[in-house]
Amino acid sequence: MSEVARTKTGIPGLDEVLEGGLPRNYVHSVVGPPGAGKTIMGAQFLFRGATQYAENGLYVSLEEPAHSFANTMMRFNWNMFDLESQGKLVLVDASPQQEEPGGELKIRGGVLGTEKFDLDGLVGVIANARKRVAAKRCVIDSLVSISGAYRYESEFRFKLLQFYRALSELELTTLVLTESPTTVVEMFGPETILAQGSFLLHMLRDKDATIQMLEIQKMRGVRVHKKILAYRISPEGFEVRPQEPIFKETAQ
């Protein structure tokens, strides 16, 4: 059996657990509550790809304006604006929060940033942005807002399967960021269930501390033992710590 090609995430501790990185050209979801670090994980994936692995990327925002995301990532010294000016990154603003009157982008499937915008239109936007920088990586934040374009979940699931297939055909290794109030897998949305891989970020309160845990729920093409791993958000970014115990033992 041939080896699955890998895309290094650039996240310390994660690539070793994934046998070298994410399976290339697949869609992977990152699910977690607000403040868990989903956007930081996605940004690091793009920044390290462009600066360490010669793989340009796309950040597709369907919620907050893309420039707001870029400004926030400056706290880690990840200058997304510089990467964009160097032709290594495209900040795709598909947010419904249009700040400049008349700044909407007309595309197939509707108007970018309005309720008429759907997954067919989003594929066109991503394909055009990919051509500009020959992108290999993509982060989508998030698909929840676009699900409202469909009256029935069955229709959304069908379109989502087509959308994920199109991303693979564009040869993009993609992270789809999804906010969820639950960690019950059966209650996740189709954007997570239909992905080829999924990471779950958990946050628990233990006395005065917050315990952060990453679970690799599934990963096609990787012999991953379903294991919960400690992670931290440091000044350098997202770090997975496979050898660190989740709950530290207390003295008797």
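Here the structure is shown first, and the text comes after it.
Read on for a plain summary of the structure. (Residues numbered from 1 in each chain as written. Predicted model: local features only at pLDDT ≥ 70, side-chain atom pairs only at ≥ 80, totals over all residues. Heavy atoms only, no water.)

Regarding empty space enclosed by the protein
Line of reasoning, step 1. For the coordinates displayed, the defined rule picks out one cavity of 30 Å³ or more.
Line of reasoning, step 2. Estimated volume of the largest cavity: approximately 30 Å³.
Line of reasoning, step 3. Forming the boundary of the largest cavity are T9, I11, L14, L22, M41, F45, L175 and F199.
Line of reasoning, step 4. Per-class residue counts for the lining of the largest cavity are seven nonpolar, one polar and no charged. (1 Å grid on protein atoms, 1.4 Å probe; cavity = no way out; pocket = protein on both sides within 12 Å on 5 of 7 lines; lining within 4 Å. Points joined across faces, edges and corners; volume = space filled by probe spheres on them. Nonpolar A, V, L, I, M, F, W, Y, C, P; charged D, E, K, R; others polar.)

As for the packing of aromatic side chains
Line of reasoning, step 1. Within this structure, the stated rule accounts for six aromatic pairs.
Line of reasoning, step 2. An angle of 35° between the planes, with centres 5.7 Å apart, marks the rings of Y150 and F156 as tilted.
Line of reasoning, step 3. The class for Y150 is buried, based on a relative accessible area of 10%.
Line of reasoning, step 4. Taking the relative accessible area as the measure of exposure, F156 reaches 5% and is therefore buried.
Line of reasoning, step 5. A network of ring pairs unites the aromatic residues F47, F76 and W78 as a single cluster. (Phe/Tyr/Trp six-rings, centres within 6.5 Å; stacked < 30°, edge-to-face > 60°. Buried < 20%, exposed > 50% of the residue type's maximum accessible area, 1.4 Å probe, protein only.)

A look at the environment of I146
Line of reasoning, step 1. As for its position among the elements, I146 is in the loop between strand 8 (137-141) and helix 6 (153-169).
Line of reasoning, step 2. Among the residues examined, I146 registers a relative accessible area of 3% and is labelled buried.
Line of reasoning, step 3. Between the C-alpha atom of I146 and that of A94, which follows or precedes it by 52 residues, the distance is 9.9 Å. (Helix = DSSP H or I, 4+ residues; strand = E, 2+ residues; numbered from the N terminus.)

Some thoughts on the layout of surface pockets
Line of reasoning, step 1. Quantified by volume, the second largest pocket comes out at close to 300 Å³.
Line of reasoning, step 2. Those elements that provide at least two residues to the lining of the second largest pocket are helix 2 (38-52) and strand 9 (173-179).
Line of reasoning, step 3. Counted by class, the lining of the second largest pocket contains six nonpolar, six polar and six charged residues.

Here we look at helix 6
Line of reasoning, step 1. With 17 residues, helix 6 should reach 24 Å at 1.5 Å per residue; the first-to-last C-alpha distance of 24 Å fits that figure.
Line of reasoning, step 2. For helix 6, the complete set of buried residues consists of F156, L160, F163, Y164, A166 and L167. Relative to the axis of helix 6, the buried residues are bounded by an arc of 155° and lie together on one face. Exposed side of helix 6, more than 90 degrees from the buried face: S154, F158 and E169 are the residues found there.
Line of reasoning, step 3. Where helix 6 is buried, its residues touch strand 3 (27-32), helix 5 (119-133), strand 8, strand 9 and helix 7 (190-193).
Line of reasoning, step 4. Just past helix 6, the residue E171 takes up positive phi, approximately 60°. (Expected span 1.5 Å × (residues − 1). Arc of directions from axis to C-beta. Contact = heavy atoms within 4.5 Å.)

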